[in-house]
Every structure is written in structure tokens, then in C-alpha cells.
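Residues per chain, in single letters:
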Amino acid sequence: MNRDNGSIIRTEDLKKTYHDSGVDVNAVRGVDFEIHSGEFSAIVGPSGSGKTTLLNLISGLDTPTSGKVWLKGKLLSNMSGRRLSDFRRDHIGFIFQAYNLIPVLTVRENVEYIMMLQGIEKTERHKRVGNMLNQVGLSGMEDRLPPKLSGGQQQRVAIARAMVSRPDLILADEPTANLDSETGSDLIDMMYELNQKTGMAFLFSTHDPMVREKARRVITLKDGRIAENNIKK
Amino acid sequence: MWFDIKLAWRNVLRNKRRTVIAGIAIGIGLACLIFYDGLIIGMEELSIRGSTETFLGEAQIHRKGFLDTWDTALTIRESRKVIDKLKTDSRVQDYSPRTLAMAMISSPAGVNSVQLVGLDPSRERHVTRINDAIMEGAFFEGDNPRDIIIGSELARILQTGLGDRVVITVSMTETGDLVQEMFRISGIYHFSIKEMDQGMALVRLPVAQTMLGIDDRIHEIAVRFTQLQYASRKDLPFWTTYSAHGNEAVSWEDRLPQLKTLFEMTGTFRAVLAFLLIVVVIFGIINTLFMSLYERLFEFGVLRAVGTRPWGIFRLMVAESGSLGVISAIIGVIISLILMGLISLTGIDYRGIEFAGTTFHDLLYPVMRLYQFIIYPAGLLVFTLLVGVYPAAVAARMPVTEATRRSL
């Protein structure tokens, strides 16, 4: 059943319980929320509040104990592992805290990797990589290897990698946590501009007040439950 | 696919020290296998040459039944025609006609039974190395019909030396009458094979034929091929051509089955060694790949998160395993070439040692064959690919959240 209604993500009574050393840990305890297309949103909350688990469930990297997740109107629990991989590839971009670029691939190869998985032809890939690197301010660095770049530059490559395949949603897990405040601020501004320009939805898991400040929607998690779900006018 | 291979190579070369150490460990295993194989072939060829060149020849032609009875009446049928054919056979390098009969040899000091061999010295020296085994005197120099050559052990038993007289007693083929002839020892040979050094006496072919009363008939033709392996190829027309009209052609393998059995045994040892090396290779590769896998667990998680299918991860790991196999194979081939090259310069000296009824006359050299540098490395590569399946399956089936636990 398609439950899109303009939302990019919708969850219904989402729960996740881990069994750790014989003890049940309720990481997410019945979460209902919705993120609309093009939204710049953030999930905030103290460590252990369930932010990472929630992002894992939303992206289909983990399966919920109960409840449902719709991404672009598609119920994730109905998808096979292979289809879920393809769905992630085509609709979700990931930005990780520690950048997590493939160190043996050049900047260009890192960015074009997902497009290769999508079967996009080489000329088109190179064109899109050039444009994307230009947008994140890394023109001329196509042939460098990630270890030769600064942390900020690596995170820019990661942003380019997440966005180049034109997904509907970018999931960013503490993307500024490893950066100094100035670099972090620059990157948040850049992602905000890209969000405004491309209309891709961004969902952050973060402690960063700058992200909270920029986000239109801020979901506050506490002990696996939504404590607040504020939308700025 | 090409991208997988490119990425796999870069990953394998990411930790060069570990890859080189693993490659050397696996490569040494491969080099041992190649070197052992070369040494075994060298030893086999030396053993065969030791047997065939001592006296046997690489093939022999007899009258059917002669080898079972040693009946001197069983001479080769139409021996002239057989010899004419041998002269024109492109696979035959040379041949030597012989008579064979049991006889008694006596000196003033002793008596011994021997196999009296009548031979043509000019042909014999091209087929066997009996000429080279002469330790005293010469191998039928001149044309004295009273010349006889005996082995060193027989000379000791008879307490005779070069120039001494001995008497040969033999039974005539047709009548059974005993015939005695006196000979003078013109040469003493030494093969380090007791049966030969004690049990044979060589005289000129016409003399033996006259004593046996068999005119120009012969009991055996020893054959040397242009290539040794012809003796093992039973599909060649040689065997049927000369196994006709009541004659039979046999190879050294038929005459020395114990040597063939020994070679089969060495083949088993080779298989056991190969198996042990495969085990080493398996653990070497699994260890290296798992180290690499757990070191880059998060990276695999990221690849899966961004949409790489489990099959893509599987392919990547197998490609890494294959890359490691290629590096190991190259290292192994280089080590084996160096090892074989060095041993080929000096050889291994087992000369004079009796082994399975034969004596090594030459230095032992490892034999290089093209297949050793194709089949064995290719086998290694196939094994590395197969072995890579296990860590690849583990990587492919690993839950993404487990791999990416540190972040998303």
C-alpha cells in the first residue's frame, strides 16, 4: 500500500529491542514520525537515546522488532535483501561521521562508485562527478587519494558521494563531529545550500547546535521515544 | 568486473608488507612443489637411464616366450628383416643384436655360472654404456675372437685379472652337447650392481653364435630411441610392428616393473606433498583474508550501506584472494627458478649409488618442464579463488549494522 502523501519517510509504531548478554535493551520504543520531501531535518538527543538505531531502521540497514517504515511510500519490510540494497543505492545517500571513503580509490572513483553500481555510463559519470566536486569546492582534486586530503575535504568528498546519484534522502550521522567548528559550520552551510538547490531531503543525527539551528524539523529522542517533534515556521 | 579486479589489487597492495609475507609463504610452498617435481623427474630419468644404458636398452625385441624360458632355441624370427626395419625407423636411434645363454666360467681358482652375452661391440657402444663402465683393459679393441670381458665381482671370485685365461662352458642349442672355449680377459667392468658385476660375461657375437650353434641367429635386440619417452608410449606403432611373426617388443617398463612401481610411489608422495602444500595455502590465504576483512569491516559496511549487493562484496573478496594467488604464484615461480637454476649449476652427486636395481652414473639435476610453471601456478590460483569463497561468504553475509556499528 502506498502511504506517500508527500512524505519521504514515514514510520509507524517503530520498535527495536536488542538482546545483549541476556538483557533486553529497548533502543527504540514506538516511534511515529514523518519527513517530507526536501526537508532539512535533524534527530537530536543524548547518547544512547536511539538516534543511530532509528537511522539504521529508516535506511533499512537494520530490521525493526515491530512497526513499519515507508520510504518514498514503499514499505521496507516487504523488500528482499537484494531489492533493499538497490533501493538504498537509488534513493538514499549516506554521510558518516568518520567520512569512510575507500582509501584506495581516488576522489573521482569514490564519488562515481554508486553510479557505477547503478550502471550509469562513464561519460555521464565523469560529467556528474565534475559538477558535484565543483559544488563542494573540490575541483582539481579528482585524482587525489583520500588519505592525502584534510578531514574537511574528505567530508566534502563524502557529501559529493552521497549526493551525486541524486537520491531522495541524505542520512547524515554526526557529519561534523570529527571536524573543527569552523569547518563544520562551512559544511553545514554547504549542505543547507545544496538542500535548497536540489530539493533532496536531509536527515541528520547530531549533537551539533549549528545543525539544530538550520534544521526545519527537529525531532528530539529520549530513551527511545520522541520527546519533541518541532517544525519551524 | 574490471572495477572489482582493480579495487581488489589496490586493496591487496594496501598493506604491502603483509601481502609480500603471505605471498612468500605461499610462494615457497609452490616453489617446493615445482622443485620437488623437477627433482623427481630428474631422479626418474636418471634411474631409467641407469637401467637402460647399463645393459637393458630402452626397448628389447625377443622371440615370444624367450624371456620366460631363456631357451636358446627361441631366437628372433626373421632377425635380418627386423634389423632392416629398425634401421629405417625414425624413432630408433640405434640397436644392438645379442645372444644370451647360461654358461659356466672357470679359472684355475674358481668357477661360477654366468650369462654369456654375445654382442657386436661397434653397435653396443651406441645403445648402452657398458663401454664406459670398463675399469681395467678395454671394450673389445682389435678383433681378437678370444677376448672376453667380465665384471669386477666375477674377477674377484675367479681370482683373475686382466690377461688371465678363463674357460667358458656352454650347451649347444640343437644337440645339447657341451662346448668349451678358452678366452683371455681383455676388460673388467664395474657397474656397482652385484648381479651384473658377478653374473655376466661378454664375448663377440659371432663367437657366441658359433659356440651355441645357432648360425647368425640372435636372441635379443636392444633398442635405443631418439626420445626416452617413446619407451613409455604404448600407442606407438613400434610395439605392434615388432611384436609380430612370433616376436615381441618390450619396453624397460616391462622388464623392470619394480622401477615403474617405484615411480608410481613417488607420484603418490608428490600428491601427498601437494596436498600438504594446499593445506598451507588454504590457511595462509584464509588468515590473510580474514585479517584484511576484520581490519576493513567498516569499509565493507559502508559499501553495503551505499547499495553494494552481497554478491558484489563476495566478488570483491574472491578477487582479492585471486590477486593474492597471482602474487604468490609469481613469487613461487621466481623462487623455484632460482632454486632449480642454482642446483642445475652444481647438480647433486649420487653417482655410484645403487637405487632400485639401477645405478646413478651421472649427477642428479632437477628437470624443468613447461607444465610445472603453468599447471602448478594455475592450480594455486584456482585454489586461492576457491579458498577465498569462505571469507568472501562471511563478508557478504555480515549484517551491515554489525559492520558499521561504529556509526550509522
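Residues numbered from 1 in each chain as written. Chains lettered and ligands numbered in written order. Predicted model: local features only at pLDDT ≥ 70, side-chain atom pairs only at ≥ 80, totals over all residues.

A separate point is the overall build of chain A. Along the backbone of chain A there are seven helices and eleven strands. Its C-alpha atoms give chain A a radius of gyration of 18 Å, near enough to 17 Å, the size a compact globule of 233 residues would have. The principal-axis extent of the C-alpha atoms belonging to chain A is close to 50 × 45 × 40 Å. Taken across its 233 residues, chain A has 47% of its residues classed as buried. Long-range pairs, those at least 24 residues apart, make up 71% of the contacts in chain A with a sequence separation of at least 6. (Helix = DSSP H or I, 4+ residues; strand = E, 2+ residues; numbered from the N terminus. Rg over C-alpha atoms; globule rule 2.2 N^0.38 Å. Buried ≥ 20, exposed ≤ 12 C-beta atoms within 10 Å, placed from the backbone. Contact = placed C-beta atoms within 7 Å.)

Attention shifts here to the overall build of chain B. Within chain B, the secondary structure is distributed over 16 helices and twelve strands. The C-alpha atoms of chain B give a radius of gyration of 31 Å, which is well past the 22 Å a tight globule of 408 residues would have. When burial is assessed residue by residue, chain B has 42% of its 408 residues classed as buried. Within chain B, counting contacts between residues at least 6 apart in sequence, those at least 24 apart form 81% of the total.

Next up on the list: the environment of A:Val104. In this structure, A:Val104 sits in the loop between strand 7 (92-95) and helix 3 (107-118). For A:Val104, a count of 21 C-beta atoms within 10 Å gives the class buried. Sequence spacing of A:Val104 and A:Thr198 is 94 residues, and the spatial spacing of their C-alpha atoms is 30 Å. Setting aside anything within four residues of it in sequence, one finds A:Val104 in contact with B:Leu7, B:Arg10, B:Asn11 and B:Arg14.

Residue and element names in this part refer to chain A. For strand 4 (residues 40-44), a buried count of five out of five residues is recorded, marking the element as mostly surrounded by other parts of the structure. The side-chain alternation of strand 4 yields two buried faces, one formed by Phe40, Ala42 and Val44 and the other by Ser41 and Ile43. The pairing of strand 4 with strand 10 (residues 217-222) spans four bridges and is parallel. Residue Ser41 lies in a different strand from strand 10, and its bridge partner there is Arg217. (Pairing = 2+ DSSP bridges.)

With that settled, the discussion passes to helix 11 (residues 257-295) of chain B. For helix 11 of chain B, built from 39 residues, the straight-helix expectation of 57 Å at 1.5 Å per residue is met to within 8% by its first-to-last C-alpha distance of 57 Å. What helix 11 of chain B keeps buried is the set B:Leu259, B:Leu277, B:Val281, B:Gly284, B:Ile285, B:Thr288, B:Leu289, B:Ser292 and B:Leu293. (Expected span 1.5 Å × (residues − 1).)

With that settled, consider the pairing of strand 5 (residues 66-71) of chain A. Residue and element names in this part refer to chain A. Sheet analysis places strand 1 (residues 7-20) next to strand 5, joined by five bridges and oriented antiparallel. Counterpart to Lys15 in the pairing with strand 5 is Ser66. Strand direction decides the pairing type here: strand 5 and strand 6 (residues 74-75), joined by two bridges, are antiparallel. From the neighbouring strand, Trp70 faces strand 6, where its bridge partner is Leu75. Where strand 5 folds back on strand 6, the antiparallel hairpin that results is connected by two residues, among which Lys72 adopts a positive phi of roughly 50 degrees.

The next subject is the confidence of the model for chain B. Averaged over all residues, the pLDDT of chain B is 88; the fraction at 70 or higher stands at 97%. Note on the complex model: pTM 0.72, ipTM 0.81. (pLDDT = per-residue confidence, 0-100.)

A word on the sheet that holds strand 10 of chain A. To summarise the sheet geometry, strands pair through backbone hydrogen bonds and adopt either a parallel or an antiparallel arrangement. Residue and element names in this part refer to chain A. The sheet built from six strands is open, its strands ordered 7-8-9-4-10-11 with mixed pairing. Every other strand in the sheet has two partners, leaving strand 7 and strand 11 (225-231) as the edge strands with one partner each. Each strand axis lies, on average, 15 degrees off the axis of its neighbour in the sheet, ignoring direction. (Axes fitted to C-alpha atoms, helices over the stretch in contact; angles between N-to-C directions.)

This part takes up the packing of helix 3 of chain A against helix 5 (residues 151-163) of chain A. Residues and elements named next belong to chain A. One way to put it is that helix 3 packs onto helix 5 with a least axis distance of 7 Å and a crossing angle of 30 degrees. Relative to helix 5, helix 3 is oriented roughly parallel. Considering the relative orientation of helix 3 and helix 5, their crossing is right-handed. For the pair helix 3 and helix 5, the contacting residues are Val107, Asn110, Val111 and Ile114 in the first and Val157, Ala160 and Arg161 in the second. Of the residues that constitute the contact of helix 3 with helix 5, the class distribution is five nonpolar, one polar and one charged. (Parallel < 35°, antiparallel > 145°, perpendicular 65-115°, else oblique. Left-handed = near helix turned anticlockwise from the far one by under 90°. Nonpolar A, V, L, I, M, F, W, Y, C, P; charged D, E, K, R; others polar.)

With that out of the way, let us pick up the interface of chain A and chain B. Counting from both sides, the interface comprises 22 residues of chain A and, opposite them, 18 residues of chain B. If you tally residues by element for the side of chain A that touches chain B, the top one is helix 2 (residues 81-91) of chain A, at six residues.

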